[in-house]
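Letter by letter, the chains look like this.
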Amino acid sequence: MIFHHFGAYILLLRKVFKKPEKWKIYVKEIFHEMNEIGVGSLGLILIISTFIGAVMTLQIAFQLVSDLIPTAVIGQINRDSNILELGPTISALVLMGKVGSAISSQIGSMRVTEQIDALEIMGINAAGYLILPKIIAGVVMMPVLVVIAIFCAITGGLIGGTLSGAVAPTDYIQGIQGGFNGFTVAVALVKAFIYGFIITSVPAYKGFYVRGGALEVGQAGTRAVVIGCIAILACDYVITALML
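Residues numbered from 1 in each chain as written. Predicted model: local features only at pLDDT ≥ 70, side-chain atom pairs only at ≥ 80, totals over all residues. Heavy atoms only, no water.

Undergrad: Just give me the short version of the overall build of the protein chain, but keep the residues and values in it.
TA: Looking only at helices and strands, the protein chain features eight helices and zero strands. Mapped in sequence order, the helices and strands of the protein chain form the string α-α-α-α-α-α-α-α. The C-alpha extent of the protein chain, read off along each of the three principal axes, is 70 × 35 × 35 Å. Within the protein chain, the fraction of its 244 residues that count as buried is 43%. Within the protein chain, residue pairs in contact and separated by at least 24 positions form 86% of the contacts whose partners lie at least 6 positions apart. Working note: accessible area of the protein chain is about 12,400 Å², and carbon and sulfur atoms make up 71% of it. Charged side chains of the protein chain number 15 positive and 13 negative; the gap between the two group centres comes to 12 Å. (Helix = DSSP H or I, 4+ residues; strand = E, 2+ residues; numbered from the N terminus. Buried < 20%, exposed > 50% of the residue type's maximum accessible area, 1.4 Å probe, protein only. Contact = heavy atoms within 4.5 Å. Areas by Shrake-Rupley, 256 points an atom, 1.4 Å probe, with all protein chains shown as cover. Lys, Arg positive; Asp, Glu negative; His and termini not counted. Charge placed at Lys NZ, Arg CZ, Asp CG, Glu CD.)

This is the structure we're talking about:
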């Protein structure tokens, strides 16, 4: 069954990336999906990332109880943790639940109401028209959201550390600036690019091939989120192993 679904997924992507009939229509859909995926998820990313950064600062400060370790290390650890792991991966898992379920439900509803069949009868590449704009919007907006998430997490760490008294603002900022490796940002952006592809393509596949009625559409959305989260975590390990 795994190989069957993987093969069907690859064949669907082959249909998706066929040359569009009219780029003008696709461009309009791409901007619409960028607004839905990116702007629509911005508030959620801001709130979650800020609190994650604040909590991480408190937990790191709780672990560093030795007087021999400078408190500036708290900012450095929080920065690297959010850039390499928490920023991209947590954001992707959250968006898989929000965006992935919406994509699967939308396309699944069109399948069970025979709207996709109507598009195919009219000679339209339904897979490309419905899925390609979502994939392009996902791979474009996900890196933007990850950069915003990293910035909010680091800022949240500064606010949380200052309010709790765990670390002085000057020490935290010194830790952020010290020993920075720009390659970590490149790793985060690579993860974000791949996560954006998974968040949009996997739910689209589950919705495109759903059969039945409203109950099956809901089940397909649930399975899409579960499979997508597992795929994100697996890719997280592979990318980390290859690039670090």
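Undergrad: Could you give me a rundown of the environment of Gly87, with the residues and numbers involved?
TA: The residue Gly87 is located in helix H3 (residues 72-112) in this model. Sequence separation between Gly87 and Ala188 is 101 residues, and the spatial gap between their C-alpha atoms is 7.9 Å. The residues touching Gly87, leaving out its near neighbours within four places in the chain, are Asn82, Val146, Ala149 and Ile150.

Undergrad: So what about the nonpolar core? Which residues, and what values?
TA: Within the largest apolar cluster, 53 residues are counted, with the highest numbers of intra-cluster contacts made by Ile131, Met142, Ile199 and Phe208. Elements represented by at least two residues in this core include exactly helix H1 (2-16), helix H2 (23-63), H3, helix H4 (115-121), helix H5 (126-164), helix H6 (169-177), helix H7 (183-208) and helix H8 (214-243). The dominant element in this core, judged by the number of residues it contributes, is H5, at 14 residues. Sequence-distant contacts of Ile131, defined by excluding residues within four places in its chain, comprise Leu12, Val16, Ile107, Ala204 and Phe208. (Core = buried A, V, L, I, M, F, W, Y, C linked by side-chain atoms within 4.5 Å.)

Undergrad: Which residues make up the UniProt feature "transmembrane region" (unreviewed entry) in the protein chain, and what are the values?
TA: Here, UniProt's "transmembrane region" (unreviewed entry) annotation points to residues 42-62, 135-160, 180-203 and 224-243. Each end of residues 42-62 is marked by a C-alpha atom, and these two atoms are 30 Å apart; helix forms 100% of the span and strand 0%. Overall, residues 135-160 shows 100% helix and 0% strand. The separation of its end C-alpha atoms is 36 Å. (UniProt positions renumbered as here; feature names shortened; annotations may be inferred.)

Undergrad: Go over H3 with me, naming the residues and quoting the values.
TA: Under the 1.5 Å per step criterion, the end-to-end length of H3 is 57 Å for 41 residues, consistent within 8% with the ideal 60 Å. Of all the bends in H3, the largest measures some 55 degrees and sits at Asn82. Once H3 ends, the next one or two residues include Glu114, with phi positive near 65 degrees. (Expected span 1.5 Å × (residues − 1). Bend = angle between axes of the 7 residues up to and from the residue.)

Undergrad: Now, about the side chain of Asp236: what can you tell me, with residues and values included?
TA: Tracing the sequence through the fold places Asp236 in helix H8. Beyond its immediate sequence surroundings of up to four residues, Asp236 is in contact with Glu85, Thr89, Lys191 and Tyr195.

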